[in-house]
Amino acid sequence: MDNLVRILGTDLGRMLAGLIGVIALVSVNALFLIWMERKVAAHMQLRPGPMEVGWHGAIQTIADALKLMGKELITPAEVDRSVYLLAPIVVFLPVLLSFLVIPFSQTLVIRDMNVGVLLILAFAALTVLAILMAGWASNNKYAVFGSIRSVAQNVAYEIPLLITVMSPILMVGSYRLTDIVAAQEKFWFIVSQPLAFILYITCATAETNRAPFDLPEAESELVAGFHTEYSGMRFGLFFLAEYTNMFIVAALATIFFLGGWRGPVLPGWVWFLLKVYAIIFLIMWFRWTFPRVRFDQLITFAWKILIPLAFANLLLTALVMKLM
Amino acid sequence: MHEPGQEEKTYVLNFGPQHPSTHGVLRVELQMEGEFITKAAPDIGYGHRGHEHMAENRNYQQFLPNMGRVDYLHALAYNQGYCMAVEKLTGLEVPERAEFIRVITAELNRIASHLLWVGAYLLDLGAFTPFLYCFDDRENILDLLDRVTGSRLTYCYYRFGGVPKDIDDEFMAGCRAFITRLRGRFKDYDDLVTKNIIFIKRTRDIGVISKEQCVRYGLTGPMVRGSGIPYDIRKSEPYSVYPRFDFEIPIGERGDIMDRYLVRIREMAQSLRIIEQALDKLPDGPIMAEKVPKRIKPAAGEVYQAVETARGEFGCYIVSEGDIKPYRIKLRVPSFGNLSILPEIAVDTLVADLVAILGSIDVVVPEIDR
Amino acid sequence: MVTYFKEILTGFYSLLAGMAVTIKYFVKPIVTVQYPRQKLSMSPAYRGHTEFVLDLETGTHRCIACEMCARICPSQLITVEGVKIDPKKKVPRKYVIEYQYCSLCGLCVESCPTKALKFSEEYRLAGFSREDCVVDLLARLQAQQQRAGLAVTPRPEARREEGEAKPEGEVKG
Ligand code: SF4
Ligand code: SF4
């Protein structure tokens, strides 16, 4: 027992324990989110959704995951084998790493770095690489389409995303995520930065390739986009990454705008999770309401509307900070 | 194939026959430059069933069930077109009540078809939820039609000389309830779809068809009306009891997808009006002509009868040689003509637009491959 | 500039309006039926496969084996074999439909001179083979009579000289 405490006390031990915790969290989160997505969609569409496995279909996802694992892993002829096989892993790793710096509560953070924000955003950018790899290696026109779109989209939306989060960072003066939460003691930043919040959610939806910006996998246009040729658990990994990504952007939104773990009565991490899932609900709500935007409109939207607005917001913030 | 050393600029993308948004087995061969289409060639015939040939090998009655399967979404209009053609050929008089019942059921079916189109079209554009709302409404119609026709999709209801089953009070009450319900739902569709900025961006000024093109390609139905030509068989060559009802032919202005969408939405409202009037005026009387011969054996001759289906003009051309079997039946289907314009309007658009344009044509592929 | 902001605002508002619609339905009760836990009743006009009308007066069917239905059927899927049980009366010895070809048009029901046919309310019609879809209307009627506690109509034997007195094959009812 003493030994355990000592090991956990060291940095490495903390990282290890954290990694195990994160993997557990990622799986449970994905299981929950998939169920939640299906339920949200179903109820918006006046139907009950999965009902058979477990209470209200709660463990339906486990059944689906088992089925997915039982599927044959198809490697089509003439794919670029090594890249094709590597892509699902590459899509998943950065997502895991992002969890390193997310503060679930005041103390529950694996590694509280002073460049936390940058780390997460840098890792998020890596996902694009994986999608590009997957699309390119698949040797399928639809998949290439999907990945090309994905690259253009992610590059375009990373810019406003960064500029948007600069505003709260400017108010705090630190890249450390715990600092940002600490600075929201009096009021949440959503109050002082409503525009930034809206912009952030928009960009985050696009960054995670969620509808209405789900162009890389636009079902009715590109069949399944970049993962058209993937089957079984390889496809499962892409799926897992998508939902984990959602968790991360929602967690960031919580930290930046909703006061992180702050909240009365309940322990910090509960509040944190509640807020994260509220944001995720919002993103799901978008998906089940809107049609998909067209590719060129998507890019135009980023450059002509999001970036100017984000800049304006940043300037305004800077101005107000200066005057105060 | 390009020569070695020469730069390849375009490539071919097979859109279908198995693709989420081709609605059946339709293949469009696309010549692409990046995401832009330089040439689109629809390839049909994957689901050919030879309905016209079947007609030559069976007697007049026996061809009735086929009519529910050419265009399964507006099957009753096909029933009507064929029955009217044969009635014209044999000189059968249809009692008034039967005509009214035909109009009510055919209009209900038209709404069902348009509702399905709206839902499926939004699905093409990536919005899932309206699809389910439309199906919820459509389900009501199917329940109603189920009560009289006995089936929910491939109806085979009209007979030469009338209809075999009368409508009851419960059906009429159900119709009226449905009319109120759908009218109340239009606002939701408006908010959810018509006014949605993303939807407007996806459909305004996309796939524009000029009046001249409409005429040149022989388009019919919402496709021409969207371009501003008020051509509707129900008004321009009135048949059945349509002249007795007061309804309008909605038309568009610009001829883009949005206009075609609006035309269809407004048509639903007009159909509701027709049904309402028909229910009010419904006369009593027989539903079947007296003395319908057991074997239909028309004298030699030929006849053409057109009706307006949800997709456009359906024409039934029958040549009889005085036998119990028709010598030849030619079905003029609207989707075939409407699809023919695709190569012209799909050029220089994106793949996403192609999906939008193809959807807006509202093709029913089995109808093309009849 | 003004149009630019106006477009953003109206666009944003239209998105909110759309979201209001979906959330409105989100809290509404569901409309679907959880088959097979819940079942709907079939409408009276529903067309399943055909079956004999059980005439309550005579306690049996009304078919006179005239073969009108078999002749009108577009898919020619009805097999009727009649047998004369007395010089005036003919009854079917075999009435089998191969339901898999049926287009449920209703012509057989309408053409029957004695109104001996009607549509059943059977809707669980999936099978693993063609043979699963073959319905013997006489056997079905017998089962129905048994359930109603009526005298079961026996399958009339063919007369010797007609030669085909072999027992029926494996036909499901
Ligand atoms: S069911 Fe009717 S039509 Fe058919 S053989 Fe019997 S009596 Fe004749
Ligand atoms: S419903 Fe039509 S297809 Fe079916 S058995 Fe009767 S006549 Fe034949």
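Residues numbered from 1 in each chain as written. Chains lettered and ligands numbered in written order. Predicted model: local features only at pLDDT ≥ 70, side-chain atom pairs only at ≥ 80, totals over all residues. Heavy atoms only, no water.

Draft legend 1. Molecular detail of the pairing of strand E3 (residues 36–43) of chain B. Residues and elements named next belong to chain B. Summarising the sheet, strand E2 (residues 27–33) and E3 pair through 7 bridges and their orientation is antiparallel. For Leu30, the partnering residue across the bridge sits in E3 and is Ala40. A loop of 2 residues connects E2 with E3, the two strands running antiparallel in sequence, and Gly34 in this loop sits at a positive phi of about 65°. (Pairing = 2+ DSSP bridges. Helix = DSSP H or I, 4+ residues; strand = E, 2+ residues; numbered from the N terminus.)

Draft legend 2. Looking closely at the domain arrangement of chain A. Residues and elements named next belong to chain A. Segmentation of chain A into domains returns domain 1 (1–70) and domain 2 (77–323). Each of domain 1 and domain 2 was reduced to a C-alpha centroid, and the two centroids are 20 Å apart. Counting from both sides, the interface comprises 21 residues of domain 1 and, opposite them, 26 residues of domain 2. Counting across the domain 1 and domain 2 interface gives 1 salt bridge. The partner of Glu37 in a salt bridge is Arg287, and the shortest N-O contact between them spans 3.6 Å. Element by element, the count of residues in the side of domain 1 that touches domain 2 is highest for helix H2 (residues 11–44), at 18 residues. Residues belonging to the side of domain 1 that touches domain 2 are distributed by class as follows: 15 nonpolar, 3 polar and 3 charged. (Domains from an automatic or database assignment. Contact = heavy atoms within 4.5 Å. Salt bridge = Lys/Arg side-chain N within 4 Å of Asp/Glu carboxyl O. Nonpolar A, V, L, I, M, F, W, Y, C, P; charged D, E, K, R; others polar.)

Draft legend 3. How the structure looks around the sheet that holds strand E6 (residues 328–332) of chain B. All names here are of chain B. Read from one edge to the other, the open sheet built from 3 strands follows the order E4-E5-E6, with strand pairing classed as antiparallel. The open sheet terminates on both sides in strands that have one partner only, identified here as strand E4 (301–308) and E6. Neighbour-to-neighbour, the strand axes of this sheet turn through a mean angle of 10°, independent of strand direction. Pairing of E4 with strand E5 (residues 313–320), which is carried by 8 bridges, proceeds in the antiparallel orientation. (Axes fitted to C-alpha atoms, helices over the stretch in contact; angles between N-to-C directions.)

Draft legend 4. Region of the structure containing the interface of chain C and chain A. On the side of chain A, 20 residues touch chain C, which itself brings 18 residues to the contact. For the pair chain C and chain A, the summed buried surface comes to about 1600 Å²; carbon and sulfur atoms form 75% of the total. On inspection of chain C and its partner chain A, the count reaches 0 salt bridges. Applying the counting criterion to the chain C and chain A interface returns 5 residue pairs in polar contact (both at pLDDT 80 or more). (Buried area = accessible area lost by both parts, 1.4 Å probe. Polar contact = N/O pair within 3.5 Å; in protein donor to acceptor, adjacent residues only side chain to side chain.)

Draft legend 5. Layout of unusual backbone geometry. Backbone torsion omega between Tyr35(C) and Pro36(C) reads 0°, so that peptide bond is classified as cis. Here Leu46(A), not a glycine, exhibits a phi torsion of approximately 65°, which is positive. Tracing the chain through its elements places Leu46(A) in the loop between H2 and helix H3 (60–70). Owing to a relative accessible area of 3%, Leu46(A) belongs among the buried residues under this scheme. Phi is positive for Lys115(C), which is not a glycine, with a value near 55°. In this fold, Lys115(C) is placed in the loop between helix H3 (107–111) and strand E4 (117–119). (Buried < 20%, exposed > 50% of the residue type's maximum accessible area, 1.4 Å probe, protein only.)

Draft legend 6. Expanded view of the interface of chain B and chain A. Taken together, the contact between chain B and chain A spans 35 residues of the former and 24 residues of the latter. For the pair chain B and chain A, the two sides together bury roughly 2600 Å², of which 60% comes from carbon and sulfur. Applying the counting rule to chain B against chain A returns 1 salt bridge. At the boundary of chain B with chain A, the tally comes to 7 residue pairs in polar contact (both at pLDDT 80 or more). With 5 residues, strand E1 (residues 11–15) of chain B is the largest single contributor of residues to the side of chain B that touches chain A. A per-class count over the side of chain B that touches chain A returns 21 nonpolar, 8 polar and 6 charged.

Draft legend 7. A look at a nonpolar patch on the surface. Residues and elements named next belong to chain A. On the surface, a cluster of nonpolar side chains totalling about 750 Å² of accessible area is made up of Leu170, Leu316, Leu319, Val320, Met321, Leu323 and Met324. Tallying contributions element by element places helix H13 (residues 295–323) first for the nonpolar patch, with 5 residues. Its place among the elements puts Met321 in helix H13. (Patch = residues over 30% accessible without salt bridge, like charges linked within 9 Å, V, L, I, M, F, W, Y side chains within 5 Å. Areas by Shrake-Rupley, 256 points an atom, 1.4 Å probe, with all protein chains shown as cover.)

Draft legend 8. Seen up close, the site of ligand 2. Taken together, Cys73(C), Pro74(C), Leu77(C), Ile78(C), Cys102(C), Ser103(C), Leu104(C), Cys105(C), Gly106(C) and Cys108(C) make up all the residues around ligand 2. Considered class by class, the residues forming the shell around ligand 2 number 8 nonpolar, 2 polar and no charged. (Near = heavy atom within 4 Å.)

Draft legend 9. Just the pairing of strand E2 (residues 78–86) of chain C, in detail. Residues and elements named next belong to chain C. For E2 and strand E3 (residues 89–98), the ladder comprises 8 bridges, and the chain directions are antiparallel. Bridged to Gly82 within E3 is Pro92. Linking two consecutive strands that pair antiparallel, namely E2 and E3, is a turn of 2 residues.

Draft legend 10. Fine view of the sheet that holds E1(B). Across the sheet, 3 strands lie side by side as E1-E2-E3 (chain B); this open sheet has antiparallel pairing. The sheet is open, and its two borders are formed by E1 and E3 of chain B, each paired with just one other strand. Pairwise comparison of adjacent strand axes, ignoring direction, gives a mean angle of 25° for this sheet. Those strands touched by helix H6 (residues 141–172) of chain A are E1 and E2 of chain B, and its axis lies near 100° from that of E1(B). Of the strands in this sheet, E1, E2 and E3 of chain B are in contact with helix H14 (residues 351–361) of chain B, which crosses E1(B) at around 35°.

Draft legend 11. Region of interest: the nonpolar core. All names here are of chain B. Counting residues in hydrophobic clusters, the biggest one holds 127 residues, and the most contacted among them are Tyr82, Ile104, Leu108 and Ile318. The greatest single-element share of this core, amounting to 14 residues, is contributed by helix H4 (residues 96–124). Apart from residues lying up to four places away in sequence, Ile318 is in contact with Tyr60, Tyr82, Ala85, Val86, Leu89, Gly301, Glu302, Val303, Pro326, Arg328 and Ile329. (Core = buried A, V, L, I, M, F, W, Y, C linked by side-chain atoms within 4.5 Å.)

Draft legend 12. View of the confidence of the model for chain B. Per-residue confidence for chain B gives a mean pLDDT of 84; residues scoring 70 or more make up 98%. Averaged over each element, pLDDT in chain B is lowest for E1(B) (79) and highest for helix H11 (residues 257–281) of chain B (89). (pLDDT = per-residue confidence, 0-100.)

Draft legend 13. Geometry of the side chain of Ser335(B). All names here are of chain B. Secondary-structure assignment places Ser335 in helix H12 (residues 334–339). Judged by relative accessible area, Ser335 falls into the buried class, the value being 1%. Of note is the side chain of Ser335, whose polar atom sits 2.2 Å from the side chain of Glu367. The residues contacting Ser335, other than those within four sequence positions of it, are Arg311, Asp362, Val363, Val364, Glu367 and Ile368.

Draft legend 14. Focus on the packing of aromatic side chains. All names here are of chain A. The tally for this structure, following the rule as stated, stands at 27 aromatic pairs over all chains. Residues Phe239 and Tyr243 carry aromatic rings whose centres are separated by 5.3 Å and whose planes lie at 70° to one another, so their mutual orientation is edge-to-face. One end of the pair is Phe239 and the other is Tyr243, both in helix H11 (residues 232–257) and 4 residues apart, which spans about a single turn. Looking at Phe239, the relative accessible area reads 29%, which means it is partly exposed. (Phe/Tyr/Trp six-rings, centres within 6.5 Å; stacked < 30°, edge-to-face > 60°.)

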